[in-house]
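# Coordinate analysis (summary)
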Amino acid sequence: TLFAISDGMSYGWTAPVIPYLISEGSHLKTTKFEAEWLESCLMFGSFLGLPFTIYFVDKIGRKKSLLLAAFISLISWIMIATADRMLFIFIARFSFGVTANTSFVAAPIYVAEIADHKIRGFLSSVIYVNMLIGLVIVYTVGPFLPFYVPPLVGIAVLSIELSTFPFMPESPYYLFHQGRVEAAIKSLEYFRPHRDVTVELRNISKAVARQKAEPGRFLDLVLARNSRKAIIIMTVLDVGQHLCALSVILMNLHVILEAAGSIYMNSNVAAILFAVIMLIAACLASLRVDKYGRKALIIISTILTGLCLLSMAVYFHLKLREYDVRAVSWIPIVAVMLYAASFKVGIGIVPIVLTAELFSSNMKAIGMTISDLMYVAGSIVSLQCYQWLSNTYGMHVPFYVFAGSSFCIALFTLLYIPETKGKTLDEIQYLLKGEEYVRTDSRSNLISSKSYSTFVE
């Protein structure tokens, strides 16, 4: 998941670099119009790269997809570092969008399929932690060091991955799915050293055989009960992250603080502190996601996030009504920093864990790619919603909407999402179908369970 550091850097790269590019001292003469398109290139790359994501993850495997994405990103950073025309930077930004799709589908699948179910949540969440490390790096390095330094950091990170990851085996699930039984056995033995893997091999083999027998068509995301429930959950959570104002705050933090009339902190320092708090919260959440479960973290996170957004909405509303809010102008800064912590404790990190757990092996590539599409679409919708509502009615209105969305996601999680903590990938499929997976010493049985409780294991 070292690739995620590079992806976090590319996502946040424009924030500190665009002011330099449009300044008089830039080595590349850039217009404001061109600078705005640097973000759009990333999104277009994400959309147009979706077919390649589906193809590569299933056809060449999770491992090779990750290596291919890392190599293309390495070339993209080299292009940015050495670019003498904006065209090369646009091409690099487009490539980052394509490779981010591949990586954020292939990496969660790979991690979920090699991890022991007791620590699967922690290992999956490392992807988001590394992405936030990349965000902190680019926020810290970008405004203060030369233009070529962030690309050099990205090149170094990807070089480490490309020189070490090729020696890792492919996922045993994927190898079984391809009929390479001996390679699958060696892979699982590598990831389970000094352990008897006979029972796990048998369970994986049965799970893959059963899931291969099931159709893996795009239409099954709607027709198959387990896939339909999985795609509904992931659509709500992926779109919901942005309806909790993630993209709005990340891309408009300086504007929001200036509109609030805050005089307590420089915008560059605020951005670094914001990213650092998110990173710390994500690290803490990754250590607790297998202890407290997925549902509890999402519910707590969305409620706290909603309260932070609600406090900002009330502040902007009072300011619009011309109340004297100078004495409490610290509220937006405190709310934004608390938002960073509460968001990343749950709703900002658990979806990447769930997205690799909920889809069956024959639907993983399609399902996770659609989830990735929903994530990008949610970002665009939230930004458009913010711009239209704030320009038409005032900045308080979109924050009321985002606060309401946060509380709705908490309710949806409580009522609809099953708890997947401590369960094997095969057990989770039975959960989504409304069936209980009962283990015995010698065999596993299926029992219909119309009144199954997600809180009882």
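Residues numbered from 1 in each chain as written. Predicted model: local features only at pLDDT ≥ 70, side-chain atom pairs only at ≥ 80, totals over all residues. Heavy atoms only, no water.

An unreviewed UniProt entry lists the chain under the name Putative sugar transporter, with Phaedon cochleariae given as the organism. Under Subcellular location (unreviewed entry), UniProt gives the following word-for-word description of the chain: "Cell membrane". (UniProt positions renumbered as here; feature names shortened; annotations may be inferred.)

### Examining empty space enclosed by the protein
Following the criterion strictly, the structure yields three cavities of 30 Å³ or more and no others. The volume enclosed by the largest cavity comes to roughly 400 Å³. For the largest cavity, the lining is made up of 23 residues, of which Asp 7, Phe 104, Asp 372, Tyr 375 and Val 376 are closest to its centre. Top element by residues in the lining of the largest cavity is helix H19 (residues 364-392). It accounts for six residues. Each residue belonging to the lining of the largest cavity can be placed in one class, and the counts come to 13 nonpolar, seven polar and three charged. For the lining of the largest cavity, the domains that each give at least three residues are domain 1 (1-168) and domain 2 (220-440). Space inside the second largest cavity adds up to approximately 140 Å³. When residues of the lining of the second largest cavity are traced back to their parent elements, those giving at least two are helix H7 (120-141) and helix H14 (246-259). Two domains share the lining of the second largest cavity, each providing at least three of its residues, namely domain 1 (1-168) and domain 2 (220-440). (1 Å grid on protein atoms, 1.4 Å probe; cavity = no way out; pocket = protein on both sides within 12 Å on 5 of 7 lines; lining within 4 Å. Points joined across faces, edges and corners; volume = space filled by probe spheres on them. Helix = DSSP H or I, 4+ residues; strand = E, 2+ residues; numbered from the N terminus. Nonpolar A, V, L, I, M, F, W, Y, C, P; charged D, E, K, R; others polar. Domains from an automatic or database assignment.)

### A look at the domain arrangement of the chain
Considered domain by domain, the chain is made up of domain 1 (1-168) and domain 2 (220-440). Its C-alpha centre places domain 1 at a distance of 22 Å from the equivalent point of domain 2. Counting residues at the interface gives 36 residues for domain 1, matched by 44 residues for domain 2. Of the roughly 3,500 Å² buried at the junction of domain 1 and domain 2 (both faces included), carbon and sulfur atoms supply 73%. The interface formed by domain 1 and domain 2 contains zero salt bridges. The interface formed by domain 1 and domain 2 contains zero residue pairs in polar contact (both at pLDDT 80 or more). (Contact = heavy atoms within 4.5 Å. Buried area = accessible area lost by both parts, 1.4 Å probe. Salt bridge = Lys/Arg side-chain N within 4 Å of Asp/Glu carboxyl O. Polar contact = N/O pair within 3.5 Å; in protein donor to acceptor, adjacent residues only side chain to side chain.)

### Some words on the nonpolar core
As a rule of thumb, soluble globular proteins bury nonpolar side chains together. In terms of nonpolar packing, the biggest core is built from 126 residues, with Trp 13, Phe 274, Tyr 339 and Phe 399 touching the most fellow members. Of the residues that make up this core, three or more belong to each of domain 1 (1-168) and domain 2 (220-440). Not counting residues up to four positions away in its chain, the partners in contact with Phe 274 are Ile 249, Leu 250, Leu 253, Val 336, Met 337, Tyr 339 and Ala 340. (Core = buried A, V, L, I, M, F, W, Y, C linked by side-chain atoms within 4.5 Å. Buried < 20%, exposed > 50% of the residue type's maximum accessible area, 1.4 Å probe, protein only.)

### Concerning the environment of Met 131
Inspection of the secondary structure assignment puts Met 131 in helix H7. On the basis of relative accessible area, Met 131 is assigned to the buried category, the value being 17%. In this structure, the C-alpha to C-alpha distance between Met 131 and Phe 3, residues 128 residues apart in sequence, is 8.3 Å. Setting aside residues up to four positions removed in sequence, Met 131 forms contacts with Ala 4, Ile 5, Asp 7, Gly 8, Tyr 11 and Phe 104.

### Thoughts on the packing of aromatic side chains
In this structure the tally under the stated criterion is 13 aromatic pairs. Their ring planes at 80 degrees and their centres at 6.4 Å tell us that Tyr 110 and Phe 191 sit as a pair that is edge-to-face. Remark: Phe 191 occurs in helix H10 (residues 181-191) and Tyr 110 occurs in helix H6 (residues 86-114); sequence separation between them is 81 residues. Under the relative-accessibility criterion, Tyr 110 is labelled buried at 4%. Given a relative accessible area of 16%, Phe 191 falls into the buried group. What links up through ring pairs into an aromatic cluster is the set Tyr 315, Phe 316, Tyr 386, Phe 399 and Phe 402. The aromatic ring of Tyr 416 is capped on one face by Lys 229, whose charged end is 5.0 Å from the ring centroid. (Phe/Tyr/Trp six-rings, centres within 6.5 Å; stacked < 30°, edge-to-face > 60°. Lys NZ or Arg CZ within 6 Å of the ring centre and 35° of its normal.)

### Brief notes about helix H21 (residues 425-433)
The buried fraction of H21 is high, at eight of nine residues. Along H21, the residues classified as buried are Leu 425, Asp 426, Glu 427, Ile 428, Gln 429, Tyr 430, Leu 431 and Leu 432.

### With respect to the confidence of the model for the chain
In the predicted model, the chain carries a mean pLDDT of 81, and the fraction of residues at 70 or more is 90%. By mean pLDDT, the top-scoring element of the chain is helix H20 (residues 396-416) (94), and the lowest-scoring one is strand E2 (residues 444-448) (42). Contacts of residues 440-457 to residues separated by more than four positions or lying in other chains number 28 contacts, the stretch itself having pLDDT below 50. (pLDDT = per-residue confidence, 0-100.)

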